[in-house]
Structure formats: structure tokens, C-alpha cells
Amino acid sequence: MIVGSQKPIDEIWEMVKDFKKILVFGCNTCVAICHAGGDKEAETIATLLRMRASQEGVDMQVDHTSVMRHCEPEYFDPVMDDVKKYDLILSTACGVGVNFLSDRTGIIPVYPGINTSFYGAVPEPGVFEELCAGCGDCILHMTGGICPIARCSKTLMNGPCGGTKEGKCEVSDEMDCAWYLIVERMKMLGTLEKLSEVLPPRDWSTSRDGGPRRVSMEHIRAYEEKEGEKTETAGGKKE
Amino acid sequence: MSDGSIKEKNKPHKEWAAELKEQRPYSPCRAACPVNTDVQAYVGLIAQGRYAEALEVIRSVNPIASVCSVICHHPCEQACRRCAVDEPLAVRHLKRFALEKAADYRRNKRRLVKQTRDKKIAIIGSGPSGLTAANDLADLGYGVTIYERHPVLGGMLSSAIPTYRLPRETLQEDIDDIIAKGVEARTNCEIGRDITMNEIIDKHDAILIAVGLSESRALNIPGADVPGVLLAIPFLEDAAFQKKIELGSKVLVIGGGNVAIDVARTAKRLGAGYVEMVCLESAEEMPAWKWEVDEAVEEDIAISHRWGPKAVRRDNGRITGLEVVKVLSVFDSNGRFSPTFDNDTTSFIEADTVIITIGQMTNLSFLEDSQVQVDERGRVVWDPETHMSSLRGVFVSGEVVTGPGSAIQAVASGHRSAMAMHVYLEGHEIEGVLPTYEKEPIAQLPGDVADVIHREPRMKVEHLPPETRCSSFMQFEFGYDEESALKEAGRCRGCGGGAVVDTDKCMACLTCQRICPYGAPLVTSVSEIRSEYCQACGLCAPECPGQAISMVSYDVGEVRSNMSSLVGSVDPKRQEPAVVALICSHHVGIKGFELPDNVRSVPIHCTSRVDIIDLLKAFECGADGVAVVRCPAGACKYKDIETRVSARVRRTKELIHMLGMDAGRIELLQAVSDDGNPYAVVCADFSEKVKQIVLRTGR
Amino acid sequence: MKSGSNLERVILSGQPAVTAELGPPMSADGHEVVKKAQLLKGNCDAANVTDCQTAVVRISSIAAAAIAFQQGLEPVMQMTCRDRNRIAIQADLLGAAAMGLKNCLCIAGDHQSFSAAGRLKGHPGAKNVYDVDTCQLVSIMKKMRDNGLQEGGDTLEIAPKFFIGASWTPMGDPIDFRPVNLMKKVNAGADFIQTQGIYDIEGFRSQMEKIRNMGLHERTAILGGIIVPRSGMMLKYMDSSVAGVSVPKSLIDRMMKAKAAAGDDKKKARQLQEGEGKKITVELIHQVLETPGVRGVHIQAIEWESAIADIVKAAGLYPRPNIPAE
């Protein structure tokens, strides 16, 4: 899932202070699971903003609501009429949600309430770990299921570097060395010899370096195009 | 200020919870109650000091609540899931406490109910069943007349149940409620003597026969006649109406039921020096409730088990005693009453008075000239599905048709018959619409949950010492004082009042499953919080990132939405800081809520329900400081609360710090256990600290 | 000959090679590079010019190497993967070759968060690149030199002829994988290897035995790394905090003893420790060179280039051989 964390309230305040009617709009999927931007955190931020407005002597209305996801229009369409009554939408969705919503709110700006961090897992409550970088060309079968792109500080394909100390990365004692883990894991799997090969320079065009990515599944979307639905819901055209 | 949410408001919490409770298994106490009294709900309200609301919950299904608060056989307690931990909750004592506390509220609420329907209803008999029907029908706007042969209303409640158990003022509270609605009471009016049944039928649109079982069965053995042999009901009636009763010095009561106990204890209070009971059953088989037997034994009443009466022996007409024969068995292999005797083994019990208490029957002679049929065994012919007798418009309820039972069972029958009469008068089919009161209870407490529940002994009530109580008909049982009542109410595990998940909002994140100390949530495609596990602590609700969890027994948004009115308008020139204290209402004692004037207290169901947003809201509404106050050390009725609550307080500190406020404005405090007012001291200390912060940093 | 560099010639001659290290300054002070080049010239076969070592901005390795080259000191330019993508790397390699540079050491580079172990502000917020890693960089350089092709496949009319080096941490974690790690660099095309600083001779020798068994010592020239100890504190720090370096207690004790001998006199304490440090260095050089499979030493006197001359002489490695180009 996508992991995010709340922005400091000062930063949010600087963004929103000139607006009069603000909606903190929560997203109840990934960012809710990581306690950054679900309904609960949306209400928390709204409360903090009202308190701040009162401290500053600013007349400001701050409300909150949430939907299950900001990244699919069917989830927020039913509340859009209400949402559009505000001067500003502070979305606590991940950056995907903020972008996606922003394309569909016409003249009403959508600002981010959280920092979107990474794709992560939840090893224990309240702890979130980055395990994938979405590089678009998975090599986990060659690295014992441990991703050096996401988990090595230097995204080395032929690690480890000389900075490994007691299994930890040179960046921090708190950070596992991904290559240490890879070697140990592959030893356990009996596939260490796979690591003898030098992996050639990789093609980063599948990653964000290739520009914004889009997956288009023709077999799924074909019928929608026929119906002419596409133009109705395409970004920004709904206004 | 806006309420902060653009969502459509749900229905009020109370209504929502009530509907939800109907859809889910009942708490075992509620399911066990013949009228499904929502015990969990009113005990929860008592725990929070909300006695008037508790009374409303009780009275909503039980018009003779005060009566039940002293004499009910409380099947709720027998069903209490706390039995798997230590002892059941003292539900009846708590009911009595709430009713006593809310007595003024109750009296002030009495109002005439406007008659909105032109139909007239007669109710024959004013016992629990008749009173209930009168109450319900009056509420529906009917003109109701009660016919009672005794000079006072109440049936057996006023004429047979001894006042040491049921003081007449207690009964009167219930009767006053009903009469206040405009119910007409014709006392001293016996059908067949003062007015005929047919007259009644002619004058009314519907009639309810609720005459109960008001006659004692006699015993057909040699010597069982006057003088010196008495029957239970006349004896109890005479005692109730303070008529003179001739008793010898050695009274022998034949019978082992609850009435027999009443008779024996009444005899004792009337001055009988020695009272003995003789019954067919062993101590375990005796039909009387164990606690009543124990109370009788305390009063020095002897009980001879497993002897059957054979003959009353006399000497010159004066009774010398009872010859008894050994009982071999009381019940047959199917559990039916079918005693067998060893005629070779007999004994003799000395006595000069014998009171026969072997059961009751009804007297239906008043129906003789009417078209209401009575069967060959002397019972009214009726249809249990409709409560109607053989004559349309004439209904029956209570023990006259159900056989002997408890007061609260008669209330259930009264509700059904009132509903039947209403449906009949409306011209609808009755069959299938009457309430059954049969609901599935929540499953038994799982062993691993029972194991982790804090052991707390049941709060005892005081009784008058036996030597004192036997010398008068004064009520022998005391009620709880407030501290004991709050403590006892705190023992309730809130079965059925716990967490529920709004599946539209749940994203199956596992937070609740990870946090619950009792393993109640099971997250699959969405979270399901299993009610047999849930202890209603509320720990999960504030952790849910989707705010998908609600609590049945209280509104999780209540603290937030009420905060503004609670804090009120804060004087800008105030000397003392405005402090909001969210206080655990368990184990407190009422003194705990007496706090310094500048401290606004919010009694809450355990600090586990405190949400970061609640705390922020207090500041938003103008509070200078906010205290979350836990119950005294070791007193918490739940498991693993502190870690989560202190984490929330720490997070709130961070958040207010981000707003430039001193983090010391919010603290998690713990009440001092050995203080008479456990919360006042810590709140005062905190208030002083906040005052210093305000002086240092400004408002 | 692959590059024709002096370092390559010395190694080919079979004599123990000596490389040293030149740390460029953190300002546009070309004189500092000149000064350091003069200190090292003649005392080594080539000197590594570090590439923003410890993730701190300094004169670039290429520019500093060019200055050193002008001063008559053969440089080993360094190229980290941290700061450049394959386009910048190759462009810089072409430029370096065009200026006459012939040696290049490929390294991953300290992570940008390192900031001289926190002693300087550095640029911890920098974006790192790591488009390619060390092995891949070695292979790119080899492909350019031997196949006349850019990584992407375009032809190089004049190929850059580098003597290609890579670093190796023989005693780093996971220790049993380190020989494989070296093998990959050799397979990728590393002509010479400079190791992380060695104090634990036993440990190093045990790793070298594995390397010899794999035959790697014959396919590449391994130069043992020697970090000149300057104080007891430095040794302690390296032992506790530098990845892949462990320092025997006996060495730390020797330095601490030297310090203690000076009493409260700080200046004397420094002199005594520096003296002891040089002695230890010489001993280490001998022990490393005696290790089978080792073809030279890489002596790093960090910010103490002036010590190199004494050390090389004391180790009997002076003068450096003069092997003319073909």
C-alpha cells in the first residue's frame, strides 16, 4: 500500500491561511491504514486548523469528510456537489489522489495535507517499511525476494558496497543493508551462485525516469470507449 | 461554528443503537428477562450517574419496576456472563438504586394521558398482569377501568406478598404511575358480587380477565380442617390487611415453594415462637429460590425435607402436630411432579398451627353466567396466540392462564394481552403480531476472555439482622448507597453494548484486531467485532483510522459534539483556568465528580474511549487545559488500556505543541485511590499547573 | 598494454606497486592540489585523486587529477556512481582521456548523507544517482576501451584507454560473499584493485587465500590498502565505526602508549603518535606485501600527504621504478 505521513500543521497553515472555507478531504484506503489521511486524521487536521484560525484571529470555516478512495472517480463523485462548495480542498489522500481530484474540481484548488512517502508494508502496528520502488521491471526473482532498488540506499544491482557493517547500511545503524539480506536469504535458498553474474546496467525507462507512466489494458477499457464514456470522465473535462 | 462534518447526520445515537440491538443477539441478561429489559443499557447509565435515563430504560418495558426492584427473581442475574468470571452482576439491587435515585424525576413526570380513542376497556384484577395491561392501554389512549375486589390495587402484590419484602410505598410508586395516566380504579368491586360479568361485557368494548391464582389449594388429609389449620393465601391476606390472626407457638408450614417461605417468615413476624417448614423436596429440589430459603434459615425457621403430610393429629380438637411419611422421590423419570412414599417410615412433627401452602388455584365462579367458557378442569378456554377467550372481546392474561409464575412473567403476559386488545379494537388480526420476548442471547463468554477479566466481588447489600427483622414487617433488605451502586454497575461487562463496524467505512486495516485486548475483532474482507468477545471497553473506536467503529452503548462522537456546551462561554477575564477533565466513571464513587469550580468534568466510560479529536475539541472550545483522568491504580475493569491512552495523550501533546501551545496543557492523570474524593485532588493540582502555564505563556 | 599508464607498467614489471592518495581541497584552491602533488611526486607510482570523498564537495577528481598530471604526478582519477548518470560518466571519461588521464578507479561513493561522518554540513538532501553501480561502471569503461562502444551502443572513434580499477573491502559483511564480490568486479573488467585499509593481517590473509584459490590474483592486480594511523583515537574510531575495518587491540595499545608517554604535552603527544603511526604503517606494508597474491600497496595518508615520502622510504620502496613507456 501507499504510505504517507502528515505534514506539520505550520506548513499546512501557510498553504491554507488565505482561504475562508476549507474542506479537509480524507481518503480511507492506503493513507488511512497508515494513520495519515483517513477520516480520523482528516478530522484531526480540520480541528487543528480551526484552532489555528482562532489563534490567528482568522475567520475560517474548516470541515472534513472522507471517501473510500480518491483515485477512482466513482468513490468521490457522489459527494462532489458538496465538496465543490468549498474554496479549498485539502486532500489527505496520497499524491495520486491529490492529482486525480485536482483534475476534477475545476476552479477549486486541491492542496496536499500529507506527504506521500512510499509503497510499504506494515510489519507491526504503527511501523511502515518501504519494500518496492515501483521501478517497472521487477528483478525480485534474482535477488531472493528482496528488492535492491527499494531497499538499498544506493539502488545497487551488484552489491553490497563497502559500507555494510554488521548487516546495517552505512546510512544508519537502524537501516538494514539490503544486500546483506539478499546474500543471507539466497544462501538459505541455496541460490547464492545466481549472484555471481554481473547484472548489466538496467533500463530505467520503465521507472519514473521514462516519464509519467500509464498502463492501459485494452481488454478492460475497450467497451467503455465504445460507450463514449471516456470523454465524460476524462481528466478535467467534466466541468 | 460548523459541526465540522459535511456528512448527512445519522439518526440520533439512541435510536440507532436501539435498532441495532434488535438486529443482534441480546445481552444474556436482556434475553433472560421475560420482558427483555435492556439491563446492560440501564446498568451502563447507572455507572455514569445518569439515573433518570436508567429509569426510563427500565420503565419503558416494566410498569411495575419498583415492585420488581425488590421482589424479582431476576433471571437476568442467573444468565449474567459474569458468572463465568466470579459472581453475577447484582441487577436487582441496581434497579432498586436507580429507581430510588430517580424517584423525584419519576413523580414529576406523571401526567394524564389524553384519551384519544373512544373505546372502553375493563380489566378484572390489578395484579402485575392487569396493571401492565392498564398501563399500556392507557398509553395508547384508551379509557381503562380496573376492577379489584380488594380495597387496594396490586392483587397479590398488595394482598399477599409480605411487606417486609415489598413495602406498600414501593408498590404504590408503580400504581401511582399508572393511575396518573387516567386509569380508573374500582376497588372493593368483586365481579359476580358487586357487578355481573355480563354487565361488564355490555359496558366495555374489550375486557381483560387477569384475576390470577388467588385461592390456596387445600390438603385432603385427615384432620386438615379448622380450627388451627390455615390456608396460605387467606393467611397472607389477613396479615397484609393487618387482621387479627390466631397463631400458636409452634407453627408448621406445609410446602416448599416461595409462598411457603413467605408464610413461614410472616408467621415468625406475627410472633410464632417456633416455625418449621415441611416439604416433599430435598434442599436441592425445593422450588423456593435459594436466597429466600437462606433468608428464612437465618430467621431460625427449621426445614424438614422429604416428608409428606399424612394426617393432622389432634388432641381434644387441639392440634398436636403432623404425621408425616418418608418421601422416596418427588419427580418421575420425566421430571414430572409425581411423589412416591415409603409408607413404612413415618414421623411426627409437633405443632399447634398448620398452614397449608401447597399451591394456588383460581376462582372463576364469576364467569358462570357469561359466555366465557371454562373447561372441565376449571380453566378459562383461551388461545395463547391471541390471548382471547372463547368470547370475542374478552381476553385473558397472567397466572390465570399461564399458571404460577413470577411477577415479571405476568408483566410480559400483560403486555401481550394489551397489544392483543389494541390490535383487536383496531380491527386487525392478532395472530403473529404479539411480542414473544424470545430472543437469542450472545454466546457464552469464551474461556480465554473470562481468564483475563479482572475479578471483582459483587457488592453486597445489607440486611436487617434476623433478630431485628423478625420483630416487625419492616423491609429487611437495604438498598445500595451511591458508592456501592456505582462500583457494582462498574462490574457490568457491557455485553451487547460493544463495538460495531460500519462496513462501508472499514478498509480492513487490522488496527482494531491488533489493538483489542480481548481478541474480539476478526478482520477478513471487513472487520467483524464478535460480540461474545467484546467487553465494550471502547479502546478500538478512537484508533480506527476510518472512524468506522461505533459503540452500541454510547455515542463515540458525543464528547466532541457536546464539548462546546460543556466548556460554555469562557470569561476572558478569568482568574482560574478553564479546565476540562475527562474522567473514568468506573470505581469512582459519586464524590469523585465533585471538582473545583473551574474544572468541567466529562464522565466517560473508561478513558480507553478518549479520542485525540475529543481532546483537541476541548482546546478548540476554549479550554486552557485538558486532563484525562484514569480510575485509581489497579481499579481499571479493562485490560491493557494505559499504553494506548497515554500514546494518545502524547500525540495530542505533539499536536498542540505544533500550534505553539505548551504540551503541559494536557496530561494523563490517575485518581488517588485512598482519597474520599479521588479526582478532586489530581484535578486541582493539574488546574494549578495549567494556571502557571497560562501565566507564563498567555492564553 | 591497456592504457600505458605508469601504474600499469609498474604492475606489469612485477615489482610491488605503490599508490597514494591526494584529497582535493573544499575550495577552488588549485595551489593546494599543486602542493600535495609535489609532496607525492616520486614517492608513488600513481596517486588516487578522490571524487568528493565522504560526500563532501571538493574540486572534482578530474580537474584535480589534471592539475596533478601537469605537475608530473600520475593520477588515478576516481569516479563515483553517486553523482553522475551513465551519460555524465561517459562524457567525463572521454574528457579525462582527452586530457591524458590514464587510470580510473570505479567506486560506488559514500552515501550523500555521510557528510564527512557528520563533521561537515555536506549535502544530505542531495538526490543520488546510482544509475549504474561499480561493477556496471567497470564494464562500461571496459566496453568503451576494448570495444570502442558507448554503453548505449554508439561507436567511439577514439576510445578512452583507461587502466580500470575498483575498490574492494575484503573484511566487509557478509564476509563470505566478499570474494564473490571481488570476482564480479574482476569479471566486469577491473585491472587493478585497491582494498579498504587493512590492519587485521590475519583476516586479510585468510580472505586472500580464498582469492588465490579462485585465481583472481592472477586476473587483477590487488593493491593492499594501508591507512596511515595518526592517533590512537583515529584507530579506535576506525575500529568501531568504519565498515569492513577492524583494528587489532595491540595496534591501538601501541598508539595509546605513545600518547601516554607524552603526559600532558599535547604537541609531543601528537608527534609521538605520528611517529608510532608511521612505524606501524611500515610494518603493515611489509606484512601486506608478504601476503601471496598481493601486487602492491595503496597508502592513504588522509589529509597528511607529507607523511608519504618518509613511509615509502622507511618501507624500502624508494625510489620508485622508472619504466619507460613503449
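Relevant structure appears above.
Predicted model, so just to flag it, every value in this text is computed and none were measured.

### Let's talk about the interface of chain B and chain A
Step number 1: Each partner contributes residues to the interface: chain B has 33 residues there, and chain A has 32 residues.
Step number 2: Carbon and sulfur atoms supply 60% of the area that chain B and chain A bury against each other, a total of about 2700 Å² over both sides.
Step number 3: Scanning the region where chain B abuts chain A turns up three salt bridges.
Step number 4: Across the pair B:Glu620 and A:Arg50 runs a salt bridge, and its minimum N-O distance is 2.5 Å.
Step number 5: Those elements that place two or more of their residues in the side of chain B that touches chain A are helix H21 (511-515), helix H23 (612-620) and helix H24 (642-658) of chain B.
Step number 6: It is H23(B) that contributes the most residues to the side of chain B that touches chain A, six residues altogether.
Step number 7: Looking at the side of chain B that touches chain A residue by residue, the classes come out as 17 nonpolar, six polar and ten charged.

### Remarks on the packing of aromatic side chains
Step number 1: Applying the stated rule across the entire model yields nine aromatic pairs over all chains.
Step number 2: Geometrically, the ring pair formed by B:Tyr164 and B:Phe473 is tilted, given 6.4 Å between the ring centres and 40° between the ring planes. Taken as a pair, B:Tyr164 in the loop between helix H10 (156-159) and helix H11 (168-180) and B:Phe473 in the loop between helix H19 (466-469) and helix H20 (482-489) lie far apart in primary sequence, 309 residues in all.
Step number 3: Judged by relative accessible area, B:Tyr164 falls into the buried class, the value being 0%.
Step number 4: What makes B:Phe473 partly exposed here is its relative accessible area of 25%.
Step number 5: Plain terms: the ring middles of B:Phe331 and B:Phe337 are 6.3 Å apart, the flat faces sit at 70° to each other, and that makes the pair edge-to-face.
Step number 6: On the accessibility criterion, B:Phe331 (34% relative accessible area) is partly exposed.
Step number 7: Grouping aromatic residues by their ring pairs yields a cluster made of B:Tyr164, B:Phe473 and B:Phe476.
Step number 8: Lying across the ring of A:Phe100, A:Arg104 places its NZ or CZ 3.6 Å from the centre.

### Some points on the packing of helix H1 (residues 9-16) of chain A against helix H3 (residues 39-56) of chain A
Residues and elements named next belong to chain A.
Step number 1: The N-to-C vectors of H1 and H3 enclose an angle of 70°; their axes lie 11 Å apart at closest approach. With respect to H3, the axis of H1 lies roughly perpendicular. Between H1 and H3 lies a crossing of right-handed hand. Along the contact surface, H1 presents Ile9, Asp10, Ile12, Trp13 and Val16, while H3 presents Ile45, Leu48, Leu49, Arg52, Ala53 and Glu56.
Step number 2: Of the residues that constitute the contact of H1 with H3, the class distribution is eight nonpolar, no polar and three charged.

### Overview of helix H11 (residues 266-289) of chain C
All names here are of chain C.
Step number 1: Relative to the 34 Å expected for 24 residues at 1.5 Å per residue, H11 spans 34 Å between its end C-alpha atoms, a close match to the ideal helical length.
Step number 2: Of the positions making up H11, those classed as buried are Ala269, Gln273, Glu274, Glu276, Gly277, Ile280, Thr281, Val282, Leu284, Ile285 and Val288.
Step number 3: Structurally, H11 contributes buried residues whose contacts are with helix H7 (201-214), strand E7 (221-227), helix H9 (232-241), helix H10 (249-260), strand E8 (294-300) and helix H12 (307-314).
Step number 4: Put simply, Asp265 is the residue that caps the front of H11, since its side-chain oxygen is 3.2 Å from the backbone nitrogen of Lys267.

### Re the pairing of strand E4 (residues 88-91) of chain A
Residues and elements named next belong to chain A.
Step number 1: Covered by surrounding structure in E4 are Leu88 and Leu90 together with Ile89 and Ser91, the residues of both alternating faces.
Step number 2: In the sheet, strand E2 (residues 21-27) pairs with E4 via four bridges, with the strands oriented parallel. Each residue of the ladder has a partner; that of Val24, found in E4, is Leu90.
Step number 3: Alignment of E4 against strand E5 (residues 110-112), held across three bridges, turns out to be parallel. Within E5, the position partnered with Leu90 by the bridge is Tyr111.

### Things to note about the interface of chain C and chain A
Step number 1: Each side of the interface is counted separately: chain C has 32 residues, and chain A has 31 residues.
Step number 2: On the surface where chain C and chain A come into contact, there are one salt bridge.
Step number 3: For A:Lys187, the salt bridge is made with C:Asp176, and the minimal N-O distance between the two is 2.8 Å.
Step number 4: The tally of links between chain C and chain A comes to 20 residue pairs in polar contact (both at pLDDT 80 or more).

### Focus on the sheet that holds strand E6 (residues 114-124) of chain A
All names here are of chain A.
Step number 1: Spatially, E1-E6-E7 is the arrangement adopted by the three strands of the open sheet, whose pairing is antiparallel. Every interior strand has two partners, whereas the edge strands, strand E1 (2-6) and strand E7 (127-132), have only one. Looking at each pair of strands side by side, their axes are set apart by 70° on average, direction ignored.
Step number 2: Both E1 and E6 contribute to a ladder of five bridges, which runs antiparallel. The residue bridging Val3 from the neighbouring strand is Phe118, located in E6.

### Some remarks on the sheet that holds strand E10 (residues 307-315) of chain B
All names here are of chain B.
Step number 1: Read across the open sheet, the three strands follow the order E10-E11-E12; overall the sheet is antiparallel. With partners counted over all chains shown, the strands left at the sheet margins are E10 and strand E12 (337-350), one partner each. Neighbour to neighbour, the strand axes of the sheet diverge by 25° on average, direction disregarded.
Step number 2: The pairing of strand E11 (residues 318-331) with E12 spans nine bridges and is classified as antiparallel. Paired with Val327 across the bridge in E12 is Phe341.

### With respect to helix H5 (residues 134-147) of chain C
Residues and elements named next belong to chain C.
Step number 1: Taking 1.5 Å of rise per residue, the 14 residues of H5 would be expected to cover 20 Å, and the 19 Å separating its terminal C-alpha atoms lies within 8% of that figure.
Step number 2: Listed as buried for H5 are Thr134, Cys135, Gln136, Leu137, Val138, Ile140, Met141, Met144 and Arg145.
Step number 3: For H5, the N-terminal cap is Asp133; the gap from its side-chain oxygen to the backbone nitrogen of Cys135 is 3.3 Å.
Step number 4: Following H5 by one or two positions, Gly148 adopts a phi angle in the positive range, close to 65°.

### Observations concerning the pairing of E8(C)
All names here are of chain C.
Step number 1: Taken across its seven residues, E8 has six buried, putting it largely inside the fold.
Step number 2: The sheet contact formed by strand E1 (residues 17-22) and E8 spans four bridges and is parallel. Bridged to Ala17 within E8 is Gly296.
Step number 3: With six bridges joining them, E7 and E8 adopt parallel strand pairing. When the sheet's bridge partners are listed, Ile226 is paired in E8 with Ile299.

### Examining the environment of B:Ser338
Residues and elements named next belong to chain B.
Step number 1: Within the secondary structure layout, Ser338 lies in strand E12.
Step number 2: Using a relative accessible area of 33% as the deciding quantity, one classes Ser338 as partly exposed.
Step number 3: Ser338 sits 118 residues away from Asn220 along the chain, and the two C-alpha atoms are 16 Å apart.
Step number 4: Excluding its chain neighbours within four sequence positions, the residues that come into contact with Ser338 are Ser329, Val330, Phe331 and Asp332.

Definitions and limits used
Residues numbered from 1 in each chain as written. Chains lettered and ligands numbered in written order. Predicted model: local features only at pLDDT ≥ 70, side-chain atom pairs only at ≥ 80, totals over all residues. Heavy atoms only, no water. Contact = heavy atoms within 4.5 Å. Buried area = accessible area lost by both parts, 1.4 Å probe. Salt bridge = Lys/Arg side-chain N within 4 Å of Asp/Glu carboxyl O. Helix = DSSP H or I, 4+ residues; strand = E, 2+ residues; numbered from the N terminus. Nonpolar A, V, L, I, M, F, W, Y, C, P; charged D, E, K, R; others polar. Phe/Tyr/Trp six-rings, centres within 6.5 Å; stacked < 30°, edge-to-face > 60°. Buried < 20%, exposed > 50% of the residue type's maximum accessible area, 1.4 Å probe, protein only. Lys NZ or Arg CZ within 6 Å of the ring centre and 35° of its normal. Axes fitted to C-alpha atoms, helices over the stretch in contact; angles between N-to-C directions. Parallel < 35°, antiparallel > 145°, perpendicular 65-115°, else oblique. Left-handed = near helix turned anticlockwise from the far one by under 90°. Expected span 1.5 Å × (residues − 1). Polar contact = N/O pair within 3.5 Å; in protein donor to acceptor, adjacent residues only side chain to side chain. Pairing = 2+ DSSP bridges.

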